Amino acid sequence: MPVSTARARALGKIMCAVTASTLWYPVAGDIRDRRPGAVLQCRVGSGQATYHRFDEGQNQHRITFGLRMILAKHQPGSAVGWLSSREITDRGYFDGQLSTLNLLAHTCCHEFAHLLQHAAGQRRRGSVHNRHFYAILDRLHRQGQARTVRDELVRQAGSQGLSIPDQPFDPASATDLLARWHVGDRVAFGTRGARRQGVIERINRKTATVRVPDGWQGLRYRVPASLLNPPDA
Ligand SMILES: [Zn+2]
C-alpha cells in the first residue's frame with residue numbers, strides 16, 4: 001500500500017522516538033560508563049540512506065532513517081531488496097514474516113545494533129555486518145527488545161492516528177523485484193564474506209547484469225532479482 005511522504009516522515013519520527021525510548025534509554029548508562037557523555041541523535045533523512053554513525057568530536061551517536069527507505073518498505077516489490085528483508089527471512093526474525101511493520105521495527109533494531117557494535121569496539125572498516133554485529137542483532141530479537149519496538153511503533157502511530165500495515169507481503173515476483181532497478185544504479189549483492197558492489201549494466205528477464213570493478217574492464221555477474229540490494233551504507 002503506497003503511503004504519502006508526510007505520513008512516511010511522521011513514521012520516521014516515531015521510529016526515532018521508539019529507538020530512543022525502547023533501545024537507547026535502558027542501556028545509555030552502560031554505554032556512558034565506557035564513554036562518558038555519549039548521546040544519541042536520531043533523525044529522518046530525505047533519501048533512502050539509513051545508517052548509524054558516531055561523531056567523535058560531538059561524542060554523538062547518529063542514526064538516520066531515510067524517508068525513501070520508509071516509503072520503499074511500504075511496497076512489497078521494493079521492500080524485498082533491502083538487507084533488512086533478507087535478515088528477517090534468513091534469520092527468522094519475527095517468525096520470518098515480511099510486513100511493513102516488521103521491516104520498520106527491524107530497521108530500528110538493525111541501526112541500533114550498529115550503535116551497540118560501535119560502543120563495544122567491534123565495528124571495523126570493511127567489516128560492518130560481521131559476526132559481532134549479528135550476535136548483537138540476534139540478541140535484540142531473542143531477548144524481546146525487537147517485539148517491544150514493534151509494539152511501541154504500533155502504539156505511538158495509533159496515538160497519532162497513523163497505522164503501520166502488518167499484513168504479510170506475498171512473495172514478490174522477479175518482475176516486481178526488478179521494477180525498482182534501472183541501468184546505472186549502484187547495487188550490492190552476495191552474502192557476508194563474498195559481498196560485491198557494482199553498477200547495473202542491463203536488466204534481463206529475471207536477473208540484472210552487474211558490472212563489478214575488477215581490472216580495467218570489470219567483472220560481469222548475472223544477479224537474480226531477489227539478491228539485489230541497495231549499496232551498503
Ligand atoms: Zn547495517
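Check the entry above for the structure.
Quick caveat, the model's predicted, so the values are computed rather than measured. (Residues numbered from 1 in each chain as written. Predicted model: local features only at pLDDT ≥ 70, side-chain atom pairs only at ≥ 80, totals over all residues. Heavy atoms only, no water.)

Caption draft 1: Spotlight on the pattern of salt bridges. With the rule as written, the count across this model stands at 7 salt bridges. Between arginine 35 and glutamate 56 there is a salt bridge, and its shortest N-O distance comes to 3.4 Å. One end of the pair, arginine 35, is in the loop between helix 1 (5-34) and strand 1 (39-45); the other, glutamate 56, is in the loop between strand 2 (51-55) and strand 3 (60-66), and 21 residues separate them in sequence. Taking relative accessible area as the criterion, arginine 35 reaches 31% and is therefore assigned partly exposed. Relative accessible area serves as the criterion here: at 53%, glutamate 56 is assigned to the exposed category. For the salt bridge of arginine 91 with aspartate 138, the shortest nitrogen-to-oxygen distance reads 3.0 Å. You can see arginine 91 sitting in helix 4 (residues 83-91) and its partner aspartate 138 sitting in helix 6 (residues 131-142), a full 47 residues away along the chain. (Salt bridge = Lys/Arg side-chain N within 4 Å of Asp/Glu carboxyl O. Helix = DSSP H or I, 4+ residues; strand = E, 2+ residues; numbered from the N terminus. Buried < 20%, exposed > 50% of the residue type's maximum accessible area, 1.4 Å probe, protein only.)

Caption draft 2: Fine view of the coordination of the zinc ion. Listed as protein donors to the zinc ion are His110 (NE2), His114 (NE2) and His129 (NE2); their distances from the metal cover 2.0 to 2.1 Å. As a motif over one chain, the donors of the zinc ion read H-x3-H-x14-H. Residue histidine 114 is located in helix 5 (residues 100-119), and its partner histidine 129 is located in the loop between helix 5 and helix 6; the two are separated by 15 residues in the primary sequence. (Donors = N, O, S within 2.8 Å, 3.2 Å for Na, K, Ca; no water.)

Caption draft 3: Looking closely at the environment of threonine 19. By secondary structure assignment, the location of threonine 19 is in helix 1. We classify threonine 19 as buried; its relative accessible area is 0%. In this structure the C-alpha to C-alpha distance between threonine 19 and valine 199, which are 180 residues apart in sequence, comes to 33 Å. If we skip the residues at most four places from it in the chain, threonine 19 touches Trp24, Ile63, Phe65, Cys108 and Phe112. (Contact = heavy atoms within 4.5 Å.)

Caption draft 4: The arrangement of the packing of aromatic side chains in detail. As enumerated under the stated definition, the model contains 2 aromatic pairs in all. Ring geometry for phenylalanine 133 against tyrosine 134: centres 5.0 Å apart, planes inclined by 85°, an arrangement best described as edge-to-face. Summarising the burial analysis for this pair, phenylalanine 133 and tyrosine 134 share the class buried. Over the ring of tyrosine 51 we find arginine 53; its NZ or CZ atom is 4.3 Å from the centre of that ring. (Phe/Tyr/Trp six-rings, centres within 6.5 Å; stacked < 30°, edge-to-face > 60°. Lys NZ or Arg CZ within 6 Å of the ring centre and 35° of its normal.)

Caption draft 5: Quick peek at the nonpolar core. If you look at the biggest cluster of nonpolar residues, it comprises 51 residues, and the most contacted ones within it are Leu11, Met15, Leu104, Val149 and Leu153. Mapped onto this core, the elements with two or more residues apiece are helix 1, strand 1, strand 3, helix 2 (67-72), helix 4, helix 5, helix 6 and helix 7 (145-159). By size, the runner-up hydrophobic cluster in this structure holds 12 residues, among which are Trp181, Val187, Val212 and Ala225. (Core = buried A, V, L, I, M, F, W, Y, C linked by side-chain atoms within 4.5 Å.)

Caption draft 6: Structural view of the sheet that holds strand 7 (residues 219-224). Pairing within the open sheet is antiparallel, and its 4 strands lie in the order 4-5-6-7. Of all the strands in the sheet, the pair left with one neighbour each is strand 4 (186-189) and strand 7. Ignoring which end each strand starts from, the neighbouring axes of this sheet average 45° apart. Relative to strand 5 (residues 196-203), strand 4 runs antiparallel, the two being bridged by 4 bridges. Across the sheet, residue alanine 188 finds its bridge partner in strand 5, namely glutamine 197. (Pairing = 2+ DSSP bridges. Axes fitted to C-alpha atoms, helices over the stretch in contact; angles between N-to-C directions.)

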